[in-house]
Amino acid sequence: MSWERNVRKVEPYVPGEQPQRKVIKLNTNENPYPPSPLVTDAIQRFDETKLRLYPDPKAELLVDAWADYCRLPSDQVFVGVGSDDVLSIAFLTFFNGKKPVLFPDITYSFYDVWCDVYRIPYKTRALDENFAIVKEDYLTENGGIVIANPNAPTGRQEDLDFIEDIVRSNPDSVVIIDEAYVDFGAESALCLIDKYDNLLVVQTFSKSRAMAGLRIGFAMGNPKLIRYMNDVKFSVNSYTMNMPSIYYGIAAIQDQKYFETITGRIIRTRERMKRELHKLGFSFADSVANFIFVTHEIVPAVDIFEELKKNDIYVRHFNQDRIGDYLRITIGTDEEMDCMIEFLKKYLDGGSL
Ligand SMILES: *Cc1c(COP(=O)(O)O)cnc(C)c1O
(Lines give C-alpha, C1' and ligand atoms only; values in the text may rest on other atoms or scores of the structure.)
Protein backbone atom coordinates (compact mmCIF):
# COMPACT_ATOMS: atom_id res chain seq x y z
CA MET A 1 0.00 0.00 0.00
CA SER A 2 2.53 2.49 -1.17
CA TRP A 3 0.00 5.32 -1.50
CA GLU A 4 -0.07 5.49 2.28
CA ARG A 5 3.41 6.94 2.22
CA ASN A 6 1.93 10.05 0.63
CA VAL A 7 -0.95 10.52 3.02
CA ARG A 8 -1.06 13.67 5.14
CA LYS A 9 -1.15 11.96 8.52
CA VAL A 10 -2.32 13.95 11.51
CA GLU A 11 -3.36 13.36 15.07
CA PRO A 12 -6.76 15.10 15.04
CA TYR A 13 -8.20 17.44 17.66
CA VAL A 14 -10.49 15.64 20.09
CA PRO A 15 -13.63 17.67 20.82
CA GLY A 16 -15.60 17.24 24.06
CA GLU A 17 -18.33 14.63 24.06
CA GLN A 18 -21.79 15.51 22.72
CA PRO A 19 -23.98 12.87 24.38
CA GLN A 20 -27.34 12.47 22.66
CA ARG A 21 -29.12 11.77 25.93
CA LYS A 22 -30.20 14.62 28.17
CA VAL A 23 -27.46 15.20 30.73
CA ILE A 24 -26.18 18.15 32.74
CA LYS A 25 -23.69 19.25 30.13
CA LEU A 26 -20.81 21.26 31.54
CA ASN A 27 -18.06 19.90 29.29
CA THR A 28 -17.79 22.07 26.16
CA ASN A 29 -18.34 25.66 27.35
CA GLU A 30 -21.63 26.09 25.56
CA ASN A 31 -24.07 28.73 26.75
CA PRO A 32 -26.85 27.24 28.92
CA TYR A 33 -29.36 29.81 27.65
CA PRO A 34 -31.07 29.85 24.25
CA PRO A 35 -30.08 32.38 21.56
CA SER A 36 -31.86 35.73 21.49
CA PRO A 37 -35.61 35.76 20.75
CA LEU A 38 -34.73 37.91 17.73
CA VAL A 39 -32.91 34.85 16.36
CA THR A 40 -36.06 32.76 16.92
CA ASP A 41 -38.02 35.40 14.96
CA ALA A 42 -35.48 35.35 12.14
CA ILE A 43 -35.72 31.55 11.97
CA GLN A 44 -39.49 31.75 11.67
CA ARG A 45 -39.28 34.49 9.04
CA PHE A 46 -36.61 32.74 6.94
CA ASP A 47 -37.78 32.08 3.39
CA GLU A 48 -36.57 28.54 2.70
CA THR A 49 -37.14 28.86 -1.05
CA LYS A 50 -33.97 31.01 -0.99
CA LEU A 51 -31.99 27.90 -0.09
CA ARG A 52 -31.77 26.86 -3.75
CA LEU A 53 -29.36 29.77 -4.27
CA TYR A 54 -25.74 29.92 -3.21
CA PRO A 55 -25.21 32.23 -0.26
CA ASP A 56 -23.29 35.50 -0.70
CA PRO A 57 -19.67 34.27 -0.66
CA LYS A 58 -18.60 37.42 1.18
CA ALA A 59 -21.49 37.23 3.68
CA GLU A 60 -21.51 40.99 3.30
CA LEU A 61 -24.66 41.67 5.30
CA LEU A 62 -23.25 39.83 8.30
CA VAL A 63 -19.78 41.36 7.96
CA ASP A 64 -21.31 44.86 7.74
CA ALA A 65 -23.55 44.27 10.76
CA TRP A 66 -20.62 43.07 12.88
CA ALA A 67 -18.33 45.86 11.62
CA ASP A 68 -21.02 48.40 12.57
CA TYR A 69 -21.36 46.85 15.99
CA CYS A 70 -17.59 47.04 16.51
CA ARG A 71 -17.45 50.56 14.99
CA LEU A 72 -15.03 49.38 12.34
CA PRO A 73 -15.01 49.67 8.56
CA SER A 74 -16.09 46.42 6.92
CA ASP A 75 -12.65 45.85 5.40
CA GLN A 76 -11.33 45.19 8.92
CA VAL A 77 -13.62 42.21 9.51
CA PHE A 78 -13.26 38.60 8.35
CA VAL A 79 -16.07 36.10 8.94
CA GLY A 80 -15.77 32.33 9.14
CA VAL A 81 -17.59 29.15 10.11
CA GLY A 82 -16.93 29.49 13.82
CA SER A 83 -13.65 30.84 15.15
CA ASP A 84 -12.08 27.43 14.50
CA ASP A 85 -12.42 28.14 10.79
CA VAL A 86 -11.18 31.71 11.27
CA LEU A 87 -8.14 30.54 13.25
CA SER A 88 -7.37 27.77 10.80
CA ILE A 89 -7.40 30.23 7.87
CA ALA A 90 -5.27 32.66 9.89
CA PHE A 91 -2.65 29.95 10.61
CA LEU A 92 -2.61 29.00 6.93
CA THR A 93 -2.30 32.64 5.85
CA PHE A 94 0.20 34.10 8.29
CA PHE A 95 2.43 31.30 9.54
CA ASN A 96 4.60 30.53 6.54
CA GLY A 97 8.03 31.26 7.94
CA LYS A 98 10.78 28.91 9.06
CA LYS A 99 10.89 30.23 12.63
CA PRO A 100 8.58 28.55 15.15
CA VAL A 101 5.16 29.90 16.01
CA LEU A 102 4.84 30.31 19.79
CA PHE A 103 1.94 29.55 22.13
CA PRO A 104 1.56 28.35 25.73
CA ASP A 105 1.99 24.68 26.69
CA ILE A 106 -1.44 24.76 28.30
CA THR A 107 -3.96 26.35 25.95
CA TYR A 108 -6.58 25.56 23.32
CA SER A 109 -5.51 22.15 22.02
CA PHE A 110 -6.40 22.93 18.41
CA TYR A 111 -3.34 25.20 17.91
CA ASP A 112 -0.79 22.39 17.71
CA VAL A 113 -3.15 20.35 15.52
CA TRP A 114 -3.34 23.15 12.92
CA CYS A 115 0.44 23.54 13.07
CA ASP A 116 0.80 19.82 12.38
CA VAL A 117 -1.70 19.64 9.55
CA TYR A 118 -0.26 22.75 7.82
CA ARG A 119 3.39 21.78 8.56
CA ILE A 120 3.98 24.93 10.57
CA PRO A 121 6.98 24.76 12.93
CA TYR A 122 5.97 25.65 16.51
CA LYS A 123 7.25 25.70 20.07
CA THR A 124 5.22 25.81 23.24
CA ARG A 125 6.16 28.00 26.21
CA ALA A 126 5.35 26.81 29.71
CA LEU A 127 2.82 28.74 31.76
CA ASP A 128 4.16 29.49 35.24
CA GLU A 129 2.98 27.52 38.29
CA ASN A 130 -0.06 29.80 38.63
CA PHE A 131 -0.95 29.22 34.98
CA ALA A 132 0.14 32.75 34.05
CA ILE A 133 1.75 33.43 30.69
CA VAL A 134 5.41 34.44 31.00
CA LYS A 135 5.80 37.57 28.86
CA GLU A 136 9.54 37.23 28.25
CA ASP A 137 8.91 33.88 26.54
CA TYR A 138 7.28 35.79 23.70
CA LEU A 139 9.97 38.40 23.25
CA THR A 140 12.29 36.01 21.42
CA GLU A 141 12.56 35.28 17.69
CA ASN A 142 9.44 33.61 16.30
CA GLY A 143 7.32 33.07 13.21
CA GLY A 144 4.09 34.14 14.87
CA ILE A 145 2.31 34.14 18.23
CA VAL A 146 -1.08 32.81 19.32
CA ILE A 147 -2.55 33.61 22.72
CA ALA A 148 -6.02 32.74 23.95
CA ASN A 149 -7.05 35.55 26.29
CA PRO A 150 -8.74 34.63 28.59
CA ASN A 151 -6.77 31.43 28.22
CA ALA A 152 -8.49 28.05 27.95
CA PRO A 153 -8.76 25.82 29.88
CA THR A 154 -7.34 27.94 32.73
CA GLY A 155 -9.80 30.87 32.53
CA ARG A 156 -7.05 33.35 33.46
CA GLN A 157 -6.63 36.61 31.61
CA GLU A 158 -3.54 38.73 31.03
CA ASP A 159 -4.21 42.46 31.06
CA LEU A 160 -4.18 44.73 28.04
CA ASP A 161 -0.72 46.21 28.76
CA PHE A 162 0.71 42.71 28.81
CA ILE A 163 -0.87 41.88 25.44
CA GLU A 164 0.18 45.23 23.97
CA ASP A 165 3.82 44.67 25.04
CA ILE A 166 3.86 41.38 23.17
CA VAL A 167 2.26 42.86 20.05
CA ARG A 168 4.56 45.92 20.08
CA SER A 169 7.69 43.80 20.60
CA ASN A 170 6.93 41.55 17.62
CA PRO A 171 6.43 43.86 14.63
CA ASP A 172 7.71 41.15 12.27
CA SER A 173 5.15 38.52 13.34
CA VAL A 174 1.40 38.31 13.26
CA VAL A 175 0.07 38.05 16.82
CA ILE A 176 -3.31 36.33 17.09
CA ILE A 177 -5.36 36.97 20.21
CA ASP A 178 -8.13 34.37 20.49
CA GLU A 179 -10.91 36.03 22.50
CA ALA A 180 -13.46 33.20 22.54
CA TYR A 181 -14.28 34.03 26.19
CA VAL A 182 -13.75 37.78 26.28
CA ASP A 183 -17.44 38.64 26.82
CA PHE A 184 -17.57 37.08 30.29
CA GLY A 185 -15.75 39.97 31.92
CA ALA A 186 -12.33 40.24 30.29
CA GLU A 187 -10.60 43.07 28.44
CA SER A 188 -10.52 42.97 24.63
CA ALA A 189 -7.50 43.88 22.50
CA LEU A 190 -9.83 45.14 19.77
CA CYS A 191 -8.98 48.74 20.68
CA LEU A 192 -5.38 48.07 19.57
CA ILE A 193 -5.94 46.91 15.99
CA ASP A 194 -5.58 50.37 14.45
CA LYS A 195 -2.34 50.94 16.35
CA TYR A 196 -0.66 47.66 15.35
CA ASP A 197 -0.89 46.23 11.84
CA ASN A 198 0.35 42.82 13.09
CA LEU A 199 -2.52 42.22 15.55
CA LEU A 200 -5.45 39.94 14.71
CA VAL A 201 -8.29 39.62 17.24
CA VAL A 202 -10.57 36.58 16.92
CA GLN A 203 -14.03 36.29 18.50
CA THR A 204 -16.96 33.85 18.28
CA PHE A 205 -20.75 33.68 18.63
CA SER A 206 -20.47 30.14 20.05
CA LYS A 207 -20.10 30.95 23.72
CA SER A 208 -21.38 34.37 24.76
CA ARG A 209 -24.11 34.54 22.10
CA ALA A 210 -25.32 30.97 22.60
CA MET A 211 -24.96 30.00 18.95
CA ALA A 212 -22.37 27.21 18.85
CA GLY A 213 -24.64 25.22 16.55
CA LEU A 214 -24.70 27.93 13.88
CA ARG A 215 -20.91 28.31 13.51
CA ILE A 216 -20.12 32.03 13.35
CA GLY A 217 -16.72 33.54 14.14
CA PHE A 218 -14.86 36.73 13.24
CA ALA A 219 -11.38 38.14 12.97
CA MET A 220 -10.71 41.85 13.25
CA GLY A 221 -7.51 43.57 12.20
CA ASN A 222 -5.73 45.83 9.78
CA PRO A 223 -7.38 45.81 6.29
CA LYS A 224 -4.25 44.21 4.83
CA LEU A 225 -4.43 41.25 7.24
CA ILE A 226 -8.10 40.77 6.37
CA ARG A 227 -7.41 40.97 2.64
CA TYR A 228 -4.70 38.29 2.88
CA MET A 229 -7.05 36.02 4.84
CA ASN A 230 -9.83 36.47 2.28
CA ASP A 231 -7.42 35.60 -0.54
CA VAL A 232 -6.62 32.29 1.16
CA LYS A 233 -10.23 31.62 2.13
CA PHE A 234 -11.42 32.14 -1.45
CA SER A 235 -8.71 29.74 -2.61
CA VAL A 236 -10.07 26.97 -0.40
CA ASN A 237 -13.86 27.32 -0.28
CA SER A 238 -15.95 30.32 -1.35
CA TYR A 239 -19.31 29.46 0.19
CA THR A 240 -18.44 28.76 3.79
CA MET A 241 -21.12 30.82 5.52
CA ASN A 242 -24.48 29.19 4.88
CA MET A 243 -27.43 31.44 4.17
CA PRO A 244 -29.42 30.92 7.39
CA SER A 245 -26.34 31.61 9.54
CA ILE A 246 -25.88 34.96 7.82
CA TYR A 247 -29.42 36.06 8.73
CA TYR A 248 -29.53 34.57 12.22
CA GLY A 249 -26.15 36.07 13.03
CA ILE A 250 -27.41 39.52 12.10
CA ALA A 251 -30.46 39.03 14.34
CA ALA A 252 -28.19 38.14 17.27
CA ILE A 253 -26.11 41.28 16.80
CA GLN A 254 -29.28 43.39 16.99
CA ASP A 255 -30.18 42.19 20.49
CA GLN A 256 -27.55 43.84 22.69
CA LYS A 257 -29.83 43.78 25.72
CA TYR A 258 -30.32 40.01 25.63
CA PHE A 259 -26.58 39.51 25.14
CA GLU A 260 -25.86 41.56 28.24
CA THR A 261 -28.53 39.73 30.22
CA ILE A 262 -27.24 36.22 29.57
CA THR A 263 -23.55 37.06 29.92
CA GLY A 264 -24.36 38.92 33.14
CA ARG A 265 -26.24 35.91 34.46
CA ILE A 266 -23.35 33.56 33.67
CA ILE A 267 -20.87 35.89 35.37
CA ARG A 268 -23.05 35.99 38.51
CA THR A 269 -23.40 32.20 38.58
CA ARG A 270 -19.64 31.84 38.06
CA GLU A 271 -18.80 34.08 41.03
CA ARG A 272 -21.23 32.17 43.25
CA MET A 273 -19.71 28.87 42.08
CA LYS A 274 -16.23 30.10 43.01
CA ARG A 275 -17.42 30.47 46.61
CA GLU A 276 -19.23 27.10 46.64
CA LEU A 277 -16.36 25.17 45.05
CA HIS A 278 -13.87 26.78 47.40
CA LYS A 279 -15.93 25.60 50.40
CA LEU A 280 -15.76 22.05 49.01
CA GLY A 281 -11.95 22.04 48.95
CA PHE A 282 -11.37 22.99 45.33
CA SER A 283 -8.79 25.53 44.23
CA PHE A 284 -8.52 27.32 40.89
CA ALA A 285 -7.02 30.27 39.08
CA ASP A 286 -9.36 33.26 39.05
CA SER A 287 -11.48 32.68 35.96
CA VAL A 288 -12.97 35.47 33.84
CA ALA A 289 -14.47 32.97 31.38
CA ASN A 290 -17.65 30.84 31.35
CA PHE A 291 -15.85 27.96 33.07
CA ILE A 292 -13.69 27.29 36.12
CA PHE A 293 -10.59 25.09 36.02
CA VAL A 294 -10.46 23.29 39.35
CA THR A 295 -8.34 20.84 41.29
CA HIS A 296 -9.32 19.21 44.59
CA GLU A 297 -7.12 19.17 47.68
CA ILE A 298 -7.68 15.41 48.27
CA VAL A 299 -9.69 13.61 45.62
CA PRO A 300 -8.06 13.00 42.20
CA ALA A 301 -9.76 14.80 39.31
CA VAL A 302 -10.30 11.58 37.32
CA ASP A 303 -12.27 10.03 40.18
CA ILE A 304 -14.54 13.06 40.44
CA PHE A 305 -14.87 13.12 36.65
CA GLU A 306 -15.93 9.45 36.46
CA GLU A 307 -18.33 9.74 39.36
CA LEU A 308 -19.98 12.87 37.93
CA LYS A 309 -20.31 11.16 34.56
CA LYS A 310 -21.96 8.09 36.09
CA ASN A 311 -24.53 10.50 37.44
CA ASP A 312 -25.07 12.22 34.08
CA ILE A 313 -23.08 15.33 34.93
CA TYR A 314 -20.48 15.89 32.20
CA VAL A 315 -17.41 18.06 32.82
CA ARG A 316 -14.10 18.08 30.91
CA HIS A 317 -10.92 16.27 31.90
CA PHE A 318 -7.72 16.60 29.87
CA ASN A 319 -5.41 13.62 29.92
CA GLN A 320 -2.39 15.86 29.59
CA ASP A 321 0.85 16.77 31.32
CA ARG A 322 0.55 19.23 34.24
CA ILE A 323 -3.25 19.40 34.12
CA GLY A 324 -4.24 15.76 34.62
CA ASP A 325 -5.50 16.56 38.10
CA TYR A 326 -7.79 19.35 36.93
CA LEU A 327 -11.37 19.53 35.71
CA ARG A 328 -12.82 22.24 33.52
CA ILE A 329 -16.37 22.94 34.61
CA THR A 330 -18.56 25.04 32.30
CA ILE A 331 -20.90 27.49 34.01
CA GLY A 332 -24.47 26.31 33.38
CA THR A 333 -27.75 27.61 34.75
CA ASP A 334 -28.08 28.12 38.50
CA GLU A 335 -30.22 24.96 38.69
CA GLU A 336 -27.62 22.86 36.87
CA MET A 337 -24.79 24.16 39.03
CA ASP A 338 -26.74 23.62 42.25
CA CYS A 339 -27.40 20.07 41.18
CA MET A 340 -23.67 19.52 40.65
CA ILE A 341 -22.75 21.14 43.97
CA GLU A 342 -25.31 18.98 45.84
CA PHE A 343 -23.84 15.89 44.22
CA LEU A 344 -20.25 16.92 45.05
CA LYS A 345 -21.21 17.66 48.67
CA LYS A 346 -22.53 14.13 49.08
CA TYR A 347 -19.70 12.51 47.16
CA LEU A 348 -16.85 14.35 48.85
CA ASP A 349 -18.46 13.83 52.28
CA GLY A 350 -19.11 10.14 51.71
CA GLY A 351 -17.11 6.95 52.11
CA SER A 352 -15.19 7.46 48.90
CA LEU A 353 -12.63 9.70 50.65
C1 LIG B 1 -14.52 27.38 21.76
C2 LIG B 1 -13.22 27.95 21.35
C3 LIG B 1 -12.94 28.26 20.02
C4 LIG B 1 -13.81 27.84 18.86
O5 LIG B 1 -15.05 28.24 18.88
P6 LIG B 1 -15.97 28.16 17.58
O7 LIG B 1 -17.17 27.43 18.04
O8 LIG B 1 -15.25 27.46 16.49
O9 LIG B 1 -16.21 29.59 17.27
C10 LIG B 1 -11.75 28.89 19.70
N11 LIG B 1 -10.86 29.17 20.65
C12 LIG B 1 -11.05 28.85 21.94
C13 LIG B 1 -10.01 29.17 22.94
C14 LIG B 1 -12.24 28.21 22.31
O15 LIG B 1 -12.42 27.84 23.57
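Procedures and definitions
Residues numbered from 1 in each chain as written. Predicted model: local features only at pLDDT ≥ 70, side-chain atom pairs only at ≥ 80, totals over all residues. Heavy atoms only, no water. 1 Å grid on protein atoms, 1.4 Å probe; cavity = no way out; pocket = protein on both sides within 12 Å on 5 of 7 lines; lining within 4 Å. Points joined across faces, edges and corners; volume = space filled by probe spheres on them. Helix = DSSP H or I, 4+ residues; strand = E, 2+ residues; numbered from the N terminus. Domains from an automatic or database assignment. Nonpolar A, V, L, I, M, F, W, Y, C, P; charged D, E, K, R; others polar. Core = buried A, V, L, I, M, F, W, Y, C linked by side-chain atoms within 4.5 Å. Buried < 20%, exposed > 50% of the residue type's maximum accessible area, 1.4 Å probe, protein only. Contact = heavy atoms within 4.5 Å. Right-handed = clockwise from strand over helix to strand, strands pointing away. Near = heavy atom within 4 Å. Polar contact = N/O pair within 3.5 Å; in protein donor to acceptor, adjacent residues only side chain to side chain. Areas by Shrake-Rupley, 256 points an atom, 1.4 Å probe, with all protein chains shown as cover. Sits in = over half its atoms within 2 Å of the grid points. Buried area = accessible area lost by both parts, 1.4 Å probe. Salt bridge = Lys/Arg side-chain N within 4 Å of Asp/Glu carboxyl O.

Some words on the layout of surface pockets
Piece 1. The volume enclosed by the largest pocket comes to roughly 590 Å³.
Piece 2. In this structure, the largest pocket is lined by 30 residues; those nearest its centre are Tyr 13, Thr 28, Asp 84, Tyr 108 and Lys 207.
Piece 3. With 3 residues, helix 3 (residues 82–94) is the largest single contributor of residues to the lining of the largest pocket.
Piece 4. Counting contributing residues per domain, the lining of the largest pocket is built from domain 1 (12–33 + 257–348) and domain 2 (37–254), each supplying no fewer than three.
Piece 5. In this model, the second largest pocket occupies a volume close to 320 Å³.
Piece 6. Taken together, 19 residues form the lining of the second largest pocket, with Lys 25, Glu 30, Asn 31, Pro 32 and Tyr 33 sitting closest to its centre.
Piece 7. Grouping the amino acids of the lining of the second largest pocket by side-chain chemistry returns 9 nonpolar, 5 polar and 5 charged.
Piece 8. The residue makeup of the lining of the second largest pocket includes at least three contributed by each of domain 1 (12–33 + 257–348) and domain 2 (37–254).

Thoughts on empty space enclosed by the protein
Piece 1. Taken as a whole, this structure holds 3 cavities of 30 Å³ or more when the rule is applied.
Piece 2. Put simply, the largest cavity is a space of about 60 Å³.
Piece 3. The wall of the largest cavity is formed by Pro 35, Ser 36, Val 39, Ser 208, Arg 209, Met 211, Ala 252, Asp 255, Tyr 258, Phe 259 and Ile 262.
Piece 4. The residue inventory of the lining of the largest cavity, partitioned by class, reads 7 nonpolar, 2 polar and 2 charged.
Piece 5. Taken domain by domain, the lining of the largest cavity gets at least three of its residues from each of domain 1 (12–33 + 257–348) and domain 2 (37–254).

Quick notes on the nonpolar core
Piece 1. Counting 52 residues, the largest nonpolar core has Leu 62, Trp 66, Val 77, Leu 199, Phe 205, Phe 218 and Met 220 as the members making the most contacts within it.
Piece 2. The greatest single-element share of this core, amounting to 7 residues, is contributed by helix 7 (residues 243–254).
Piece 3. Residue assignment places this core across two domains, with domain 1 (12–33 + 257–348) and domain 2 (37–254) each supplying three or more.
Piece 4. Look past the residues within four positions of Phe 218 in its chain and what remains in contact with it is Leu 62, Trp 66, Val 77, Phe 78, Val 79, Val 86, Val 201, Val 202, Gln 203 and Phe 205.
Piece 5. Grouped together as the second largest cluster of nonpolar side chains are 36 residues, Leu 26, Ile 292, Leu 308 and Met 337 included.

Focus: the environment of Gly 16
Piece 1. Checked against the element boundaries, Gly 16 lands in the segment before strand 1 (24–25).
Piece 2. If near-sequence neighbours (up to four positions away) are discounted, Gly 16 is found in contact with Asn 27, Thr 28 and Arg 316.

Topic: the pairing of strand 6 (residues 175–178)
Piece 1. A two-sided burial pattern is seen for strand 6, the buried positions comprising Val 175 and Ile 177 on one face and Ile 176 and Asp 178 on the other.
Piece 2. Taken together, strand 5 (residues 144–148), helix 5 (residues 160–169) and strand 6 constitute a β-α-β crossover, and its handedness is right-handed.

Some words on the site of the ligand
Piece 1. For the ligand, the full set of nearby residues is Gly 82, Ser 83, Asp 84, Leu 87, Tyr 108, Asp 178, Ala 180, Tyr 181, Thr 204, Ser 206, Lys 207 and Arg 215.
Piece 2. Within the side chain of Asp 178, an N or O atom sits 2.6 Å from a nitrogen atom of the ligand.
Piece 3. Residue Lys 207 places a side-chain N or O atom 3.0 Å away from an oxygen atom belonging to the ligand.
Piece 4. In the complex, 92% of the free accessible area of the ligand, which totals 380 Å², lies under the protein chains.
Piece 5. At a threshold of 2 Å from the grid points, most atoms of the ligand map onto the largest pocket.
Piece 6. Take the shell around the ligand: its biggest share by element is 4 residues, from helix 3.
Piece 7. A class-by-class count of the residues in the shell around the ligand yields 4 nonpolar, 4 polar and 4 charged.

Digging into the domain arrangement of the chain
Piece 1. With domains assigned, the chain is organised as domain 1 (12–33 + 257–348) and domain 2 (37–254).
Piece 2. At the interface, 27 residues of domain 1 touch 32 residues of domain 2.
Piece 3. Contact between domain 1 and domain 2 buries roughly 2300 Å² in total, counting both sides, with carbon and sulfur atoms accounting for 66%.
Piece 4. In this structure, the connection of domain 1 to domain 2 is made through 1 salt bridge.
Piece 5. The residue Arg 322 makes a salt bridge to Asp 105 at a minimum N-O spacing of 2.6 Å.
Piece 6. On the surface where domain 1 and domain 2 come into contact, there are 8 residue pairs in polar contact (both at pLDDT 80 or more).
Piece 7. Residue assignment for the side of domain 1 that touches domain 2 shows that the elements contributing at least two residues are helix 8 (256–279) and strand 10 (291–296).
Piece 8. At 7 residues, the largest contribution of residues to the side of domain 1 that touches domain 2 is made by helix 8.

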